[in-house]
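Each chain, written out:
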Amino acid sequence: MTKITVECFIVFLCGLVTADNVPVLIWGSNIKYEPTIALQHLHSSDFYDKISNATTPDTIIVVVGEDELSTEDITQCKTETGSCFPEIQQIENKQYFASVEDPMQILEHKAGPNSTEVEFLADGSLNKSLDTLHGYVFVNFENNDKIKTRSTLFTHHDRLITNLYKELSSKDRNVLVIYTGRGSRTSCFYAKKNGTISGRYCRNPHFLLYYSYFNVSDGLRNVTETVVFDVVTAKYTNATRSNSSSTDVSVNVLMIATEKRNCFQFKIVAKNNYWWIDEANWNNQSLILSRQTSIASNFSFHCTNYLIEFPMNKTMQITWADLQLQPNFNSSAIEPLLKFNDVQDCVFFITPGILSGLFVVCLLLLILFISISCILDININDRFDKSQHVLTFTVSE
């Protein structure tokens, strides 16, 4: 009975976090304008059916996810010259849905590892050739320090997206553009190296994460389960402790594998120009972190095998392979982190193995020094003089 209760609580908790309704704009060669009900809510499966009906196998599906995009941003955002989206407004054949449930999640799930990640650089250029784009193309934007307001950011992205659409259409390519919001969710995608999947990236305005795999193993039965997280959220908090003037600055990260409803949550805390992973839990079970490492605020954290243990079952453990983590404690951040800072590894410079090696080297150097000293202390005669003695032999008859 207890097990069923815990599982139901996990499903309920994950369901609360995964529900994320955001607006969606779609346009393309096979899209026709259709009036929609203003307050109509569209389920993710119904939304994907509309996308499937508007695409063919050779269609390039360009997915642009704007962080924390709201209905008010699209309908009410204004600049000094007019709307924040002047280029998109000029497109006639487009459809607008005010509330769609998890569009990014369903699109990332359907695209799978064969999708393409592209990025608009700060100068407005694309980091990949247009001729290499096919299937699902997920568009990201490099941080631009010159953009200070959110309305200016929307106008800048509006120009980049429409220019990309026009360039692809001019090459007689069948293109469908989906412009939507990520809400509070983090963008997660597969990382490729030499054409093969090497790991998974997750990024958000408040943290950047990379790992090759996340395994939950039972040492007694030798059962290992590889968990693939497809929903990740991050929440920035800045709270002052009661009866104290100190302030806790933290980023709470919740990672969910929706297929099996597994939830992994950890908390990143910053204080006195250092940050660390403070606590973690798996499906509402508290975990024991194998390494409590304090990292300088301007460094990222890397660990080849980050081990996490279960306090109630010492034989079970979580292996987080090739983990690299970079938090951002800037509460006003709107753009996701794109690059890791310099790395501080979980393996310190001075370890028992390194100390043993240094001791052996010092011992060998001492033996060498003593040997050389002994050789230098060998004394021999300065010269060998001829003998002055005369040997006399007397012969008697």
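Right above here is the structure, for reference.
Below you will find a few notes about this structure. In this convention, every chain numbers its residues from 1, walking through the sequence in written order. With pLDDT at 70 or above as the cut-off, local features in this predicted model cover only qualifying residues; side-chain atom pairs require 80 or more to be listed or tallied, and sums for whole chains, interfaces and linings still use all residues. Excluded from the side-chain calculations are hydrogens and water; all other atoms, namely the structure's heavy atoms, are used.

### Observations concerning the overall build of the protein chain
Thinking step 1. A run of DSSP states H or I qualifies as a helix once it reaches four residues; a run of E qualifies as a strand once it reaches two. Both are numbered from the N-terminal end. Scanning the protein chain from N- to C-terminus turns up 7 helices and 24 strands.
Thinking step 2. Counting only residues that meet the buried cut, the protein chain has 43% of its 397 residues in that class.
Thinking step 3. By sequence separation, contacts in the protein chain at least 24 residues apart represent 62% of the contacts at least 6 residues apart.
Thinking step 4. Summing over all exposed atoms, the protein chain offers an accessible surface of approximately 23200 Å²; the carbon and sulfur share of this is 54%. Each residue is placed in one exposure class: buried if its accessible area under a 1.4 Å probe, protein chains only, is under 20% of its type's maximum, exposed if it is over 50%, and partly exposed if it falls in between. Whether two residues are in contact is decided by their heavy atoms: any pair within 4.5 Å suffices. The method behind every accessible area is Shrake-Rupley, applied with a 1.4 Å probe, and residues are considered shielded solely by the protein chains displayed.

### Observations concerning the state of the cysteines
Thinking step 1. Throughout, a disulfide means two cysteine sulfur atoms within 2.5 Å of one another. On inspection of all chains with the given rule, the structure shows 2 disulfides.
Thinking step 2. Here Cys-77 is linked by a disulfide to Cys-84, with a sulfur-sulfur distance of 1.9 Å. Its S-S torsion of about -70° marks the bond between Cys-77 and Cys-84 as left-handed, since a negative value means left-handed.

### Brief notes about the environment of Tyr-165
Thinking step 1. Here Tyr-165 shows up in helix α6 (residues 150-170).
Thinking step 2. Residues Tyr-165 and Val-62, spaced 103 residues apart in sequence, show a C-alpha to C-alpha distance of 8.4 Å.
Thinking step 3. Leave out the neighbours within four places in its chain, and Tyr-165 touches Trp-27, Gly-28, Ser-29, Val-175 and Val-177.

### Focus on the pairing of strand β13 (residues 213-218)
Thinking step 1. Extensive coverage of β13 is indicated by the burial of 5 of its 6 residues.
Thinking step 2. In short, DSSP must find at least two bridges between two strands for them to pair. As paired elements, β13 and strand β23 (residues 313-327) share 6 bridges and run antiparallel to each other. Each bridged residue has a counterpart across the sheet, and for Val-216 the counterpart in β23 is Ile-318.

### Considerations on the pattern of salt bridges
Thinking step 1. For this document, the term salt bridge refers to a Lys or Arg side-chain nitrogen within 4 Å of an Asp or Glu carboxyl oxygen. Scanning the model with the defined rule gives 2 salt bridges in all.
Thinking step 2. The salt bridge involving Asp-73 is made with Arg-150; its shortest N-O contact spans 3.9 Å. Remark: Arg-150 occurs in helix α6 and Asp-73 occurs in helix α3 (residues 71-76); sequence separation between them is 77 residues.
Thinking step 3. Between Lys-166 and Glu-87 there is a salt bridge; the shortest N-O distance is 3.8 Å. Here Lys-166, found in helix α6, pairs with Glu-87, found in helix α4 (residues 86-89); they are 79 residues apart in sequence, far enough to count as distant.
Thinking step 4. With relative accessibility at 26%, the residue Glu-87 sits in the partly exposed group.

### Observations regarding the packing of helix α2 (residues 44-53) against helix α5 (residues 103-111)
Thinking step 1. α5 packs onto α2 with a crossing angle of 60° between their chain directions and a minimal axis gap of 9 Å. On the basis of the axis angle, α2 is oblique to α5. Handedness of the crossing formed by α2 with α5: right-handed. Touching Ser-44, Phe-47 and Tyr-48 of α2 are Pro-103, Ile-106, Leu-107 and Lys-110, all from α5.
Thinking step 2. Per-class residue counts for the contact of α2 with α5 are 5 nonpolar, 1 polar and 1 charged. To obtain an axis, a line is fitted to C-alpha atoms, over the contacting stretch when the element is a helix, and the angle between two such axes runs from 0 to 180 degrees between their N-to-C directions. Angle categories: roughly parallel below 35 degrees, roughly antiparallel above 145, roughly perpendicular from 65 to 115, and oblique for all the rest. Crossing chirality is assigned from the near helix's rotation relative to the far helix, an anticlockwise turn below a right angle marking it left-handed and a clockwise turn marking it right-handed. When residues are sorted by character, Ala, Val, Leu, Ile, Met, Phe, Trp, Tyr, Cys and Pro go into the nonpolar class, Asp, Glu, Lys and Arg into the charged class, and all the rest, Gly among them, into the polar class.

### A few points about α6
Thinking step 1. To estimate how far a helix should extend, the number of its residues minus one is multiplied by 1.5 Å. Here α6 is 21 residues long and its end C-alpha atoms lie 30 Å apart, about the 30 Å a rise of 1.5 Å per residue gives.
Thinking step 2. Taken together, the buried positions of α6 are occupied by Ser-151, Leu-153, Phe-154, His-156, His-157, Asp-158, Leu-160, Ile-161, Thr-162, Leu-164, Tyr-165 and Leu-168.

### Digging into α5
Thinking step 1. Counting buried residues in α5 gives 7 out of 9 residues, a clear majority hidden from the surface.
Thinking step 2. For α5, the set of buried residues is Pro-103, Met-104, Gln-105, Ile-106, Leu-107, Glu-108 and Ala-111.
Thinking step 3. Just downstream of α5 lies Gly-112, where phi reads positive at about 70°.

The analysis is restricted to geometry; functional conclusions fall outside its scope.
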